[in-house]
Amino acid sequence: MASEDVKTSESAVSTIVNLAEEAKLAREGVKAPSYAVLSICKSLVAGGVAGGVSRTAVAPLERLKILLQVQNPHSIKYNGTIQGLKYIWRTEGFRGLFKGNGTNCARIVPNSAVKFFSYEQASKGILYLYQQQTGNEDAQLTPLLRLGAGACAGIIAMSATYPMDMVRGRLTVQTERSPYQYRGMIHALSTVLREEGPRALYKGWLPSVIGVIPYVGLNFAVYESLKDWLIKSKPFGLVEDSELSVTTRLACGAAAGTVGQTVAYPLDVIRRRMQMVGWKDAASVVTGDGRNKGPLEYTGMIDAFRKTVRHEGFGALYKGLVPNFVKVVPSIAIAFVTYEVVKDILGVEIRISD
């Protein structure tokens, strides 16, 4: 009898332990998704803040770059960085320097959020496949694999927010003397849809996709590789306790932005010009004063390249490069550093090696 009681007690204890284990696993199963969702949200917020802060800081240079890219070659108004900024200030005032920045932030915040998050997820997926292929669980991402992850992130983010980029380009080139005024992002979107159709919102998408691969890919590849090299080699005493200072990270971001932008810039010029095609009441910057010169019509990306070089020379593919260089270095640098700082503040822990 006593033996049966002992067995019954042991069975009861075993049952209770099993139930406790199951309850624990159930609780963990409930917590895991919520933690993952919270981590994703924090990562998206960090990316969005990084994009908004970095673009607002360089908004005047961003607007001047676009004006230089698309202005009519027969009616030059903006002729260089200093002259162009002075001309905008004189003719449109302080607000003119930031024209289109609201739309740009409305685009860049989700774009940056998706881009940074997509990069982290693509990095994890690519690293996992790389480790499986090599059979080395300690393998790390190579610069080429980072380039691939960055390219994936750039294509996803750019495609998701491209219509806003298209209308932002048109809002940016408007001046007080433009024959027709878009009143804002929503009005511009609805007008383009009504007058030019849904496909117009994706004008210039192909050169954007081609350009974003080296641009975003090189940004991430150069930035992450530079950081890894500095942490491992510790040159010039720049690294202490395996941590890089904000100044050093800014320098890494600046180098990454310079390399990526130099390679991809001609495609950015072509993208902007294709976005202006079909604009019935195009801004005077595009058509020229007196509307005596209409904007060029392009049948596609190759045609746009050919006509730009034929009519304006090879140098036209790099119009606006100087203000863009002045802009892109602090912009990319501020974006990377802001992203990492906001991640630290929010307590986001993302382990690429997972």
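Residues numbered from 1 in each chain as written. Predicted model: local features only at pLDDT ≥ 70, side-chain atom pairs only at ≥ 80, totals over all residues. Heavy atoms only, no water.

Chemist: Tell me what's going on with the overall build of the protein chain, and back it up with residues and numbers.
Modeler: Across its full length, the protein chain holds eleven helices and two strands. Helices (α) and strands (β) of the protein chain occur, in sequence order from the N terminus, as α-α-α-α-α-α-α-β-β-α-α-α-α. Taking contacts inside the protein chain between residues at least 6 apart in sequence as the whole, the part at least 24 apart equals 78%. Accessible area of the protein chain: about 17500 Å², with a carbon and sulfur share of 63%. (Helix = DSSP H or I, 4+ residues; strand = E, 2+ residues; numbered from the N terminus. Contact = heavy atoms within 4.5 Å. Areas by Shrake-Rupley, 256 points an atom, 1.4 Å probe, with all protein chains shown as cover.)

Chemist: Pulling in residues and values, what's your account of the pattern of salt bridges?
Modeler: Taken as a whole and judged by the stated rule, the model has 19 salt bridges. Where Glu92 meets Arg63, a salt bridge forms, and the shortest distance between an N and an O atom there is 3.1 Å. Here the residue Glu92 occupies a position in helix α3 (residues 81-97), and Arg63 occupies one in helix α2 (residues 59-70), the gap between them amounting to 29 residues. An identical accessibility class is assigned to Glu92 and Arg63; each is buried. Residue Asp303 pairs with Arg306 through a salt bridge whose shortest N-O separation is 2.6 Å. Of the two residues, Asp303 and Arg306 both sit in helix α10 (residues 301-312), three residues apart, roughly one turn of that helix. Given a relative accessible area of 43%, Arg306 falls into the partly exposed group. Through salt bridges with shared partners, a single network forms among Glu62, Lys65, Asp165, Arg168, Asp268, Arg271, Arg272 and Lys327. (Salt bridge = Lys/Arg side-chain N within 4 Å of Asp/Glu carboxyl O. Buried < 20%, exposed > 50% of the residue type's maximum accessible area, 1.4 Å probe, protein only.)

Chemist: Any details on the packing of α2 against α3? Residues and values, ideally.
Modeler: At a minimum axis separation of 10 Å, α2 and α3 run at an interaxial angle of 115°. In terms of their interaxial angle, α2 and α3 are classed as roughly perpendicular. Considering the relative orientation of α2 and α3, their crossing is right-handed. In this structure, α2 contributes Ala59, Pro60, Leu61, Arg63, Leu64 and Leu67 to the contact, and α3 contributes Thr81, Gly84, Leu85, Ile88, Glu92, Gly96 and Leu97. (Axes fitted to C-alpha atoms, helices over the stretch in contact; angles between N-to-C directions. Parallel < 35°, antiparallel > 145°, perpendicular 65-115°, else oblique. Left-handed = near helix turned anticlockwise from the far one by under 90°.)

Chemist: Help me get a handle on the packing of aromatic side chains, residues and values and all.
Modeler: Per the stated rule, a full pass over the model turns up ten aromatic pairs. With 5.7 Å between their ring centres and 85° between their planes, Phe116 and Phe220 make a pair best called edge-to-face. Of the two residues, Phe116 is situated in helix α4 (residues 101-134) and Phe220 in helix α7 (residues 205-233); the sequence distance between them amounts to 104 residues. We note that Phe116, like Phe220, is buried. Summarising the aromatic geometry, the rings of Tyr182 and Trp279 are spaced 5.6 Å apart at their centres and angled 20° between planes, so their arrangement reads as stacked. Residue Tyr182 is found in the loop between α5 (143-173) and α6 (185-196), and its partner Trp279 is found in the loop between α8 (246-276) and α9 (284-287); the two are separated by 97 residues along the sequence. Like Tyr182, the residue Trp279 is buried in the burial classification. Aromatic rings pair up to connect Phe116, Tyr119, Phe220 and Tyr339 into one cluster. (Phe/Tyr/Trp six-rings, centres within 6.5 Å; stacked < 30°, edge-to-face > 60°.)

Chemist: So what about a nonpolar patch on the surface? Which residues, and what values?
Modeler: On the surface, a nonpolar cluster with roughly 350 Å² of combined accessible area is contributed by Tyr202, Trp205, Leu206 and Ile210. Positionally, Tyr202 belongs in the loop between α6 and α7. (Patch = residues over 30% accessible without salt bridge, like charges linked within 9 Å, V, L, I, M, F, W, Y side chains within 5 Å.)

Chemist: Residues and numbers for α2, please.
Modeler: For α2, which comprises twelve residues, the first-to-last C-alpha distance of 17 Å matches the rise-based estimate of 16 Å (1.5 Å per residue) to within 8%. Along α2, the positions that sit buried rather than exposed are Ala59, Pro60, Leu61, Glu62, Arg63, Leu64, Lys65, Ile66, Leu67, Leu68, Gln69 and Val70. (Expected span 1.5 Å × (residues − 1).)

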